[in-house]
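# Structure at a glance
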Amino acid sequence: MKNRIKHLSLLIVVFIMMLALIACTDDNKSETVSRGPIEAEELGSGDVKWKDTETTDGYVIVTNEGGKTLGYSKESGVQLIQVDGYAFKDLNKNGVLDPYEDWRLGTDVRAANLASLLSVEDIAGLMLYSSHVFSVSEELAEDQIAFLDVGGRAMLNAAPAASTADTVKWNNAMQAYTEGISFGIPVVTSSDPRDGGVSGIPSNLALAATFDPELVQEMGNLTSIEYRLLGIGTLLGPQIDLATEPRWNRVDGTFGEDPALARDLTSAFVNGVQSTFDENGNDLGWGPYSMSAMIKHWPGDGAAEGGREGHSFRGNGQVYPGGQFETHLIPFVDGGFNLAGQTEAASAVMASYSIAFDDEKTFGDLVGTAFSKYKLEELLRNQYGFDGVVTTDWGVVDDLEGGFMQGKPYGVADLTKAERILKAIVAGTDQFGGLNDRAVVVEAYEIGVAELGEDVIRPRYEKSAERILRTFFNVGLFENPYVNLEEAATTVLSDEFQAKAYDAQLKSIVMLKNEDNAVTSNNSEEKPTVYVPMNYVPHEINYFGMETRAEWKLPVEMELLSEYFNVVTDTPTETLTGSDDREGNPMAAVEDIVRATAEELAAVDFALAIITNPINEGNYFAGFGYDKVNEEYIPISLQYGDYTADSEHVRKESLSGDITITQKASGYGVEEIEEKENRSYFGKSAIVKNYEDVNTVKYAAENMPEGAPVIVAIKADGPMIFSEIEPYADTILIAFGWTVGSGYGIEERALIEVAAGKSEPSALLPVQMPANMLTVEAQLEDVPRDMESYVDSVGNIYDFAFGLNWAGVIKDARTEKYSVPALVSPENKGK
């Protein structure tokens, strides 16, 4: 009996302990879900688990035992408070520990708490993403302070040439300023343009040519480390549009046209950007070297009709004649939203400018993505479950009129600015790129209250604030937004990082032809004698008003060429016979060059002609595929020579075009008639600016001594037609994403090193190279890999995943995996 009582007593004790454990567990769970403010202890009392150190940069670092490291400025007025022996920042200066200030709580809890505390004006400030900031320094400019004063906390750094010191000091000055305002919300910065990171990693298309997800993840992580040490917390990228339209001028920013490759590289790069890794390569998830990735441009911008670009209203149309709309979602849904690492999914997406055109409105109203409920709420939010930030591309709520970065209110130009903002928010947009005006976002709220009710619009604004704030908490800005200048100075552009970037550049060079092994391993220290012809740079005044003088010049700096070769080149004439520049000074004409003579060329070992793919008239902002002089649409050509679009494959009626609604009286009253603009370029001719590159190659081929091969190295930003160049070349090398004549960079060195036989090429084509313009016109803008590829004189087929090394055609695990029929989504619809 005693034993039974003892046993029963033991059971009761165990039961009570279990209840206590459950209660404790419930308490802990509620602590991580929601709670009120906690009263602070006397600072420095009891079991103190923190210590502080003032840095030479002027801010204070606080280390918590087993907890988060804090950083704050004494000048901001923020004080520390202590709870359970740990230190926290009292950002709103109320003397208690609010949930959003408690680094022990989860991101979702903290973001929701802070969002609930904010006024409409506070939230409206968070929804701003600044216009381009072209000057950064420790002394904040008046317009920058004005932006911060209205609650703007997302700043676009457009000063990539600024020094590391200036950029770091600018970041720290902004953080100290905002830390003392209201709720102490820090600033997140992004950078544009800063392609290739800081140490010069390859462009996206060049990375795609490596077909190496592991390398791409490493480059993403290298980018993140350098950016965070400059104070940059958000990457406006990567650009992951499927480049299924070969004429589109943003192909070089993508991971190519193949859905499977783009999916894998997107996942790898975003994982590298968002996760912090330890010295053994273990993924730690969000950490001090993590950035938020904003993948772009949802739902894909690569099906551009005729290749026209959405930065101009004349290129605002995405078309799907092959019914492959869903295929363009693969890099997002199966790549960016499906990471192998602990951060799980990209933090944000940037919405495309474009309208998805379809006569049946299969893809919703004919409006830009930022205003489309179908593309944002129905697809992105509901069908695919994305609850991160949706940011517009820059200027979507501005008017179409204007110069640099004119507005792109595609499909909503008839609305006021506030009405456009409200429409975008209701559709699922959270943040507005290039908008500095808080008042108009508040005005949109007031319209929303009148039309929808405050019980609807306040939670919707608050949800956007919550999403935006999550990105701040994820990367630790609320704990420590400051940057250590000494660490930045020793890490950014370090020898180690530049070596890694350079190695990746070498792995991105594609060899397409190598007849008679004209380029092979060369370990000799003796320099060959090489003819490097000059290139003609045509006169140009770009959209920003910057003038490029017409001149003859070397495509690469002589200093770099001379490291590898004894160089023979051409001589520009002293007398210039071309037109005058804006200052009235004469410029070079095509004829103002004296080519190297036969005598000078007699001793050369080979020629190295470095040229650029065909360049069409126009630019991002003024628009490609439109002749401003004659005010007509024209084709975009992938060949150097004359091209008139008059084949059976050229549409006489465009699929996209702005809709004009006119009212016409009829027997039944007033009838509204919709008329679509016809953007056909049938019968028109392209304008290509650099045909002289063909003559450069021809001259080299026709004047080489017997047995001296011609190596053609091409800077390409996408597909091109090789029929005008290939017959004159013994070897063809292609480098994606660097600018000929841009200076003395590691991209140029990598190309020269491969041409010199110092490094073996290993890259593969991430896009098809078309046989001719007939196949370009016949292909469908939304369908991957649907062109006839060029076949060269020795039988090489310039198809996706083709490339040569010194032994011949590359066949390895990469080609086995990706050189298969293109992946398409089974859910495609619409034509």
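Before reading further, recall that the structure is shown in the block above.
Read on for an overview of the structure.

So, on to the packing of aromatic side chains. Scanning the entire structure with this criterion turns up 29 aromatic pairs. Plain terms: the ring middles of Tyr100 and Phe183 are 6.3 Å apart, the flat faces sit at 65° to each other, and that makes the pair edge-to-face. You can see Tyr100 sitting in the loop between strand S7 (96–97) and helix H2 (107–117) and its partner Phe183 sitting in the loop between helix H5 (164–179) and strand S11 (188–191), a full 83 residues away along the chain. Pairing Tyr626 with Tyr633 gives two aromatic rings, centres 5.0 Å apart and planes at 75°, and the pair type is edge-to-face. Given a relative accessible area of 14%, Tyr626 falls into the buried group. Residue Tyr633 is classed as buried on the basis of its relative accessible area of 8%.

Axis separation between helix H4 (residues 142–149) and H5 bottoms out at 11 Å; the angle between their running directions is 40°. Taken together, the axis directions place H4 and H5 in an arrangement best described as oblique. Crossing angle aside, the handedness with which H4 passes H5 is right-handed. Taking contact as the criterion, the partners of Gln144, Ile145, Leu148 and Asp149 in H4 are, on H5, Trp170, Met174, Tyr177 and Thr178. Class assignment of the residues belonging to the contact of H4 with H5 gives a composition of five nonpolar, two polar and one charged.

Mapped onto the elements of the fold, Glu648 is located in the loop between strand S30 (632–633) and strand S31 (659–666). Each C-alpha atom of the pair Glu648 and Leu774 lies 8.8 Å from the other, and the pair is 126 residues apart in sequence.

Let's shift gears to a negative patch on the surface. Side chains of Glu121, Asp414, Glu419, Asp437, Glu443, Glu446 and Glu451 sit close together on the surface and give a patch of like negative charge. Broken down by element, the negative patch gets its largest block of residues, three residues, from helix H12 (residues 438–452).

Our focus in this paragraph is unusual backbone geometry. A cis amide bond links Gly237 to the next residue, Pro238, at an omega of 5°. With respect to the secondary-structure elements, Pro238 resides in the loop between strand S12 (234–235) and helix H8 (259–274). With an omega of 5°, the peptide bond between Lys296 and His297 qualifies as cis. Positionally, His297 belongs in strand S13 (residues 292–298). Residue Asp84 is not a glycine yet carries a positive backbone phi of 55°. Among the structural elements, Asp84 can be located in the loop between strand S5 (79–83) and strand S6 (86–90).

What follows covers the sheet that holds S13. With parallel pairing, the four strands of this open sheet are ordered in space as S12-S13-S15-S17. Each of the sheet's edge strands pairs with one partner strand only, and the pair in question is S12 and strand S17 (389–392). Two strands pair when backbone bridges link them, and S13 and strand S15 (residues 348–351) are joined in this way by four bridges, in the parallel orientation. Note on S15: the bridge partner recorded for Ile295 is Val349. Along the sheet, helix H10 (residues 374–383) contacts S13, S15 and S17; its crossing angle with S13, the most-contacted strand, is approximately 130°.

Look at helix H7 (residues 213–228): 22 Å from first C-alpha to last across 16 residues, which is about the 22 Å you get at 1.5 Å a residue. A large share of H7 lies buried, amounting to 12 of its 16 residues. The set of residues buried in H7 consists of Leu215, Val216, Met219, Gly220, Asn221, Leu222, Thr223, Ser224, Ile225, Glu226, Tyr227 and Arg228. Against the buried residues of H7 lie helix H6 (204–210), S12, H8, helix H14 (485–491) and helix H15 (495–506). The distance from a side-chain oxygen at the start of H7 to the backbone nitrogen of Glu214 is 3.2 Å, and the residue carrying that oxygen is Asp212.

What follows is about the sheet that holds strand S2 (residues 50–54). Spatially, S2-S3-S4 is the arrangement adopted by the three strands of the open sheet, whose pairing is antiparallel. The open sheet has two edge strands with one neighbour each: S2 and strand S4 (69–72). For this sheet, the mean inter-axis angle between neighbouring strands, taken without regard to orientation, is 20°. Two elements, S2 and strand S3 (residues 60–64), share five bridges in a ladder whose sense is antiparallel. The residue bridging Glu54 from the neighbouring strand is Val60, located in S3.

Thresholds, definitions, all that
Residues numbered from 1 in each chain as written. Predicted model: local features only at pLDDT ≥ 70, side-chain atom pairs only at ≥ 80, totals over all residues. Heavy atoms only, no water. Phe/Tyr/Trp six-rings, centres within 6.5 Å; stacked < 30°, edge-to-face > 60°. Helix = DSSP H or I, 4+ residues; strand = E, 2+ residues; numbered from the N terminus. Buried < 20%, exposed > 50% of the residue type's maximum accessible area, 1.4 Å probe, protein only. Axes fitted to C-alpha atoms, helices over the stretch in contact; angles between N-to-C directions. Parallel < 35°, antiparallel > 145°, perpendicular 65-115°, else oblique. Left-handed = near helix turned anticlockwise from the far one by under 90°. Contact = heavy atoms within 4.5 Å. Nonpolar A, V, L, I, M, F, W, Y, C, P; charged D, E, K, R; others polar. Patch = residues over 30% accessible without salt bridge, like charges linked within 9 Å, V, L, I, M, F, W, Y side chains within 5 Å. Areas by Shrake-Rupley, 256 points an atom, 1.4 Å probe, with all protein chains shown as cover. Salt bridge = Lys/Arg side-chain N within 4 Å of Asp/Glu carboxyl O. Lys, Arg positive; Asp, Glu negative; His and termini not counted. Charge placed at Lys NZ, Arg CZ, Asp CG, Glu CD. Pairing = 2+ DSSP bridges. Expected span 1.5 Å × (residues − 1). Polar contact = N/O pair within 3.5 Å; in protein donor to acceptor, adjacent residues only side chain to side chain.

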